Amino acid sequence: MTDRARGSNEQALNEEFAQFSVGGQRVYGMLHRPTGDAPAQGWPSVILLHGFTGSRTSDHRLFPLLSRHLAARGVASLRFDFRGSGESHGDFSEMTVTREVEDTLAAFDYVRRQPGIDPERVMLLGFSMGGLVAAQSAAQARPHRLALWAPALPDLWLPFLRGGFLPATITDYGGWPLGRDFLQEVTRLRPLDAAAAWGGEARVFHGDQDKTCPPEYGVRYAQALRCDAVAIPGAGHTFDNLEQVDLLFRETTRFLTGG
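Predicted model only: the values in this text are computed from it and were never measured.

### Remarks on the packing of aromatic side chains
One pass over the full model with this rule turns up 15 aromatic pairs. Judged by centre distance (5.5 Å) and plane angle (75°), the ring pair of phenylalanine 52 and tryptophan 157 falls under edge-to-face. Residue phenylalanine 52 is located in the loop between strand S3 (43-49) and helix H2 (62-71), and its partner tryptophan 157 is located in the loop between strand S6 (146-149) and strand S7 (171-173); the two are separated by 105 residues in the primary sequence. Grouping residues by exposure puts phenylalanine 52 and tryptophan 157 together as buried. Judged by centre distance (5.2 Å) and plane angle (80°), the rings of phenylalanine 80 and phenylalanine 82 are edge-to-face. Among the residues examined, phenylalanine 82 registers a relative accessible area of 0% and is labelled buried. Here a set of aromatic residues connected by ring pairs shows up, and it is made of Phe52, Phe92, Trp157, Phe160, Tyr173, Trp176 and Phe182.

In structure tokens:
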């Protein structure tokens, strides 16, 4: 039986609706805690950042499953929808990396105030564009540890520039109203420089068959962070195989718990 199959028998642990405000808009999420009494210093925790056009569930429920997996192993977590995504307030057309960094910093403030949570051991995990946002946030958020899943680089959005020029207003991206401000900002960002300047403990996880964010992106982040990169054999961008997810969860948990 795989670790994932065993995990399916674990109880849905101590979970509660979470909300906080950023710029007058409400951000909604779920806070997961381990059961039982918290240790004297509080539980370690991790904040999960979803990707471009994603939500706090992520692809094939990766984030709820990871949160429950971690809670069963003594790690709390917060997964939330960035403003303009999922159920949070705001419109996707307003979305920029700067706004998502603001949401991330507010999430850290929220988690650090929670009873039973160790404010000194709040970690950060970003998936895809969430990985880029995590790198941009690290210096201000001061996570205890930083994990990146298939992190994106600004190159990913260069094809949106028409002949090298920004679109005049909104780009219709499969029904998502992609704002000009996002494209103007993201293509000028230097997340690898931000990662290199942070200097904390980190690890990168990447599928070696990722066609969306090529494995080279993960290698470049790992070099900037001066950390290990863990390749998930055969995995594409969203780790669409049960054995791949088992390995991803196992290696991520080992890093977050210091194993």
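### Describing the UniProt feature "domain: Peptidase S9 prolyl oligopeptidase catalytic" (unreviewed entry) in the protein
Per the UniProt record, "domain: Peptidase S9 prolyl oligopeptidase catalytic" (unreviewed entry) is found at residues 70-241. Across residues 70-241, helical content stands at 33% and strand content at 22%; the span's end C-alpha atoms are separated by 20 Å.

### Concerning the packing of helix H4 (residues 129-141) against helix H6 (residues 191-198)
The contact between H4 and H6 brings their axes to 8 Å, and the two run at 45°. Our classification of the angle between H4 and H6 gives oblique. Remark: the crossing between H4 and H6 carries left-handed chirality. Across the interface between the two elements, Leu132, Ala135, Gln136, Ala138 and Ala139 from H4 touch Pro191, Ala194, Ala195 and Trp198 from H6. Split by residue class, the contact of H4 with H6 holds eight nonpolar, one polar and no charged.

Rules of the game
- Along each chain, residues carry numbers from 1 onward, in the same order as the chain's sequence is written.
- Since the coordinates come from a predicted model, pLDDT governs what is reported: local features require at least 70, and pairs of side-chain atoms require 80 or more to be given and counted, while whole-chain, interface and lining totals use all residues.
- Calculated side-chain values reflect all of the structure's heavy atoms, with hydrogen atoms and water omitted.
- The aromatic pairing rule takes the rings of Phe, Tyr and Trp, using the six-membered ring of Trp, and pairs them if the centres are within 6.5 Å, calling planes under 30 degrees apart stacked, those over 60 edge-to-face and the rest tilted.
- Helical segments are the DSSP runs of H or I of at least four residues, strand segments are the runs of E of at least two, and each set is numbered from the N terminus.
- Buried means the residue's accessible area, taken with a 1.4 Å probe over protein chains only, is under 20% of the maximum for its type, while exposed means over 50%, and partly exposed covers the values in between.
- UniProt positions are given in the numbering used here, feature names are shortened, and annotations may be inferred rather than shown by experiment.
- Axis definition: a line fit to C-alpha positions, over the contact stretch in the case of helices; interaxial angles, taken between N-to-C directions, run 0 to 180 degrees.
- Just so you know how the angles are binned, under 35 degrees is roughly parallel, over 145 roughly antiparallel, 65 to 115 roughly perpendicular, and the rest oblique.
- Rotating anticlockwise by less than a right angle from the far helix to the near helix defines a left-handed crossing, while the corresponding clockwise rotation defines a right-handed one.
- It only takes one pair of heavy atoms within 4.5 Å for two residues to be counted as in contact.
- Lys, Arg, Asp and Glu make up the charged group, whereas Ala, Val, Leu, Ile, Met, Phe, Trp, Tyr, Cys and Pro make up the nonpolar group; the residues left over, Gly among them, are polar.

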